[in-house]
Amino acid sequence: MNLFDRSIMSAHISLEQWRSLIEVVDAGGYAQAAERLCKSQSAVSYAVQKIESLLGVKAFEIQGRKAVLTPTGHMLYRRAQALLRDAQDLERAAHKLSAGWEAVITIAAEILLPTDLLLAGMQRFSQESPGTRIELIESVLGGTSDALLSGSVDLAISPQLPTGFLGEILMRVRLLAVAHADHPLHHQGRELTYLDLRAYRHVVVRDSGVKRDPCTVTVEVDQRWTVSQVATSIQAVCKGYGFAWLPEEHIREQLRTGLLRPLPLREGGTREAPLYLILANPDFAGPGVRRLVEIIRESVLNKVI
């Protein structure tokens, strides 16, 4: 058992005292922390001193005119943050359970997911729980991870598993390199390589994450359009403005009518992207979130699209 765990059992340090320590660090000083907490500076100082006294350690040391965290203080700060997050999660879970199914469920869904499939699942859930509102965030790549990491969603469907999260494979999405039937790339009379693509416009969908991954675009071309929605990319390609890798489920009708045709690439014409179903906080997921997850799983399994 480490120092922090022993303190929880024997020292009786309150959450407010831990909150004071966190705010001193985050705000950059006792005066700023007191202003944020709407307390007197002496009250904040006393709370930190109480922690140090009960644990027999020093959380801060004076360097010049500034109080900085000691190595022990850094450990206390990190663990206190986790403690407060757990307490907040517990409170939210208790409120949800006391009120029955959640009033609002927020989903971040990667735009590669077939829209009809998700909407069908949402409709089925709403028939069971008409009082629960659903907020859908349609995101791309890192945007879904950002939503999870920020704690702003209850569940996510993402092509990536952010660090610290567990998920299950919901489905795999096929992306096809396609262009309009009359595009010059379809009239080369041979298999194509990536070098053949270089002279033509590539239409890509922008990563909606805060930190965009520059490696998501894997084809070097002279011209590129970057858009924010798959629908815009599909429309551009259908107009003959360029080529793109598009989700097969999104363009079935265009492929059926021959408006779009797969490019005859020697390799790389088909890509697969996994989509993970991720609960933001499995331990505290409410009954509504868990039921919606079941419905989405069943929709995929039964291909209700």
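Definitions and cut-offs
Residues numbered from 1 in each chain as written. Predicted model: local features only at pLDDT ≥ 70, side-chain atom pairs only at ≥ 80, totals over all residues. Heavy atoms only, no water. Helix = DSSP H or I, 4+ residues; strand = E, 2+ residues; numbered from the N terminus. Buried < 20%, exposed > 50% of the residue type's maximum accessible area, 1.4 Å probe, protein only. Contact = heavy atoms within 4.5 Å. Areas by Shrake-Rupley, 256 points an atom, 1.4 Å probe, with all protein chains shown as cover. Core = buried A, V, L, I, M, F, W, Y, C linked by side-chain atoms within 4.5 Å. Salt bridge = Lys/Arg side-chain N within 4 Å of Asp/Glu carboxyl O. Phe/Tyr/Trp six-rings, centres within 6.5 Å; stacked < 30°, edge-to-face > 60°. Axes fitted to C-alpha atoms, helices over the stretch in contact; angles between N-to-C directions. Parallel < 35°, antiparallel > 145°, perpendicular 65-115°, else oblique. Left-handed = near helix turned anticlockwise from the far one by under 90°. Nonpolar A, V, L, I, M, F, W, Y, C, P; charged D, E, K, R; others polar. Expected span 1.5 Å × (residues − 1). Arc of directions from axis to C-beta.

**Student:** Would you mind going over the overall build of the chain with me for this structure?
**Tutor:** Summing up its helical and strand segments, the chain has 11 helices and 11 strands in all. Within the chain, the fraction of its 305 residues that count as buried is 44%. Considering only intrachain contacts with a sequence separation of at least 6, the fraction spanning at least 24 residues in the chain is 70%. Carbon and sulfur atoms make up 51% of the accessible area of the chain, which amounts to about 16600 Å² in all.

**Student:** Just checking my understanding: could you explain the nonpolar core for this structure?
**Tutor:** Nonpolar side chains in soluble globular proteins tend to be buried together. Formed by 37 residues in total, the largest nonpolar core has its most connected members in L113, L155 and L263. Secondary-structure elements contributing two or more residues to this core are β3 (104–110), α6 (115–128), β5 (155–158), β6 (168–180), β11 (270–279) and α11 (287–302). If near-sequence neighbours (up to four positions away) are discounted, L263 is found in contact with A177, V178, A179, L185, H186, L192, L197 and F243.

**Student:** I would appreciate a short explanation of the side chain of Q254 in the present structure.
**Tutor:** Note that Q254 resides in helix α10 (residues 252–257). Note on Q254: relative accessible area 18%, which makes it buried. Once residues within four sequence positions are removed from consideration, Q254 is found in contact with I234, C238, L259 and L260.

**Student:** What exactly am I supposed to notice about the pattern of salt bridges here?
**Tutor:** Opposite charge on two side chains lets them pair, provided their charged atoms get close. Enumeration according to the criterion identifies 14 salt bridges in this entry. The partner of R297 in a salt bridge is E168, with the nearest N and O atoms 2.9 Å apart. Note that R297 is positioned in helix α11 and E168 in strand β6, a separation of 129 residues in sequence. For E168, a relative accessible area of 32% corresponds to the partly exposed category. Close ionic contact of E294 with R291 constitutes a salt bridge, the shortest N to O distance being 2.9 Å. One end of the pair is E294 and the other is R291, both in helix α11 and three residues apart, which spans about a single turn. A relative accessible area of 17% places R291 in the buried class. Through salt bridges with shared partners, a single ionic network connects E16, R19 and K39.

**Student:** What's the story with the side chain of H183 in this structure? I'm lost.
**Tutor:** Looking at where H183 falls in the secondary structure, it is placed in the loop between β6 and α8 (194–197). Contacts of H183, omitting those with residues within four sequence positions, involve Y200, G240 and G242.

**Student:** How should the packing of aromatic side chains be read in this particular structure?
**Tutor:** What the rule picks out here adds up to four aromatic pairs. Geometrically, the ring pair formed by Y194 and W245 is edge-to-face, given 6.0 Å between the ring centres and 75° between the ring planes. Residue Y194 is found in helix α8, and its partner W245 is found in strand β9 (residues 244–247); the two are separated by 51 residues along the sequence. On the accessibility criterion, W245 (10% relative accessible area) is buried. In textbook terms, an aromatic cluster arises when at least three aromatic residues are bridged by ring pairs, as seen for Y194, F243 and W245.

**Student:** Hey, could you run me through the packing of α6 against α11 in this one?
**Tutor:** A pair of packed helices is characterised by two quantities: the angle between their axes and the separation of those axes. It is the contact of α6 with α11, at a shortest axis distance of 9 Å, that shows an interaxial angle of 135°. Classified by the angle their axes make, α6 and α11 are oblique. Handedness of the α6/α11 crossing: right-handed. Between α6 and α11, the contacting residues are L117, L118, G121, R124, F125 and E128 on the first element and G288, R291, L292, I295, I296, E298, S299 and V300 on the second. Partitioned by chemical class, the residues of the contact of α6 with α11 number seven nonpolar, three polar and four charged.

**Student:** I keep staring at the environment of V48 and nothing clicks. Help me out?
**Tutor:** Looking at the secondary structure, you find V48 in helix α4 (residues 41–55). In this structure, the C-alpha to C-alpha distance between V48 and Y30, residues 18 residues apart in sequence, is 9.6 Å.

**Student:** Quick question: what am I supposed to make of α6 here?
**Tutor:** Residue pairs spaced three or four apart in an α-helix point in one direction, given the helix's 3.6 residues per turn. In this model, α6 (14 residues) spans 20 Å end to end at C-alpha, consistent with the 20 Å of a helix rising 1.5 Å per residue. By the burial criterion, the buried members of α6 are L117, L118, G121, M122 and F125. Take α6 and look down its axis: the buried residues cluster within an arc of 130°, on one side only. Residues of α6 that are exposed and point more than 90 degrees away from the buried face comprise D116 and Q127. Residues of α6 that are buried make contact with β3, β4 (133–139), β5 and α11.

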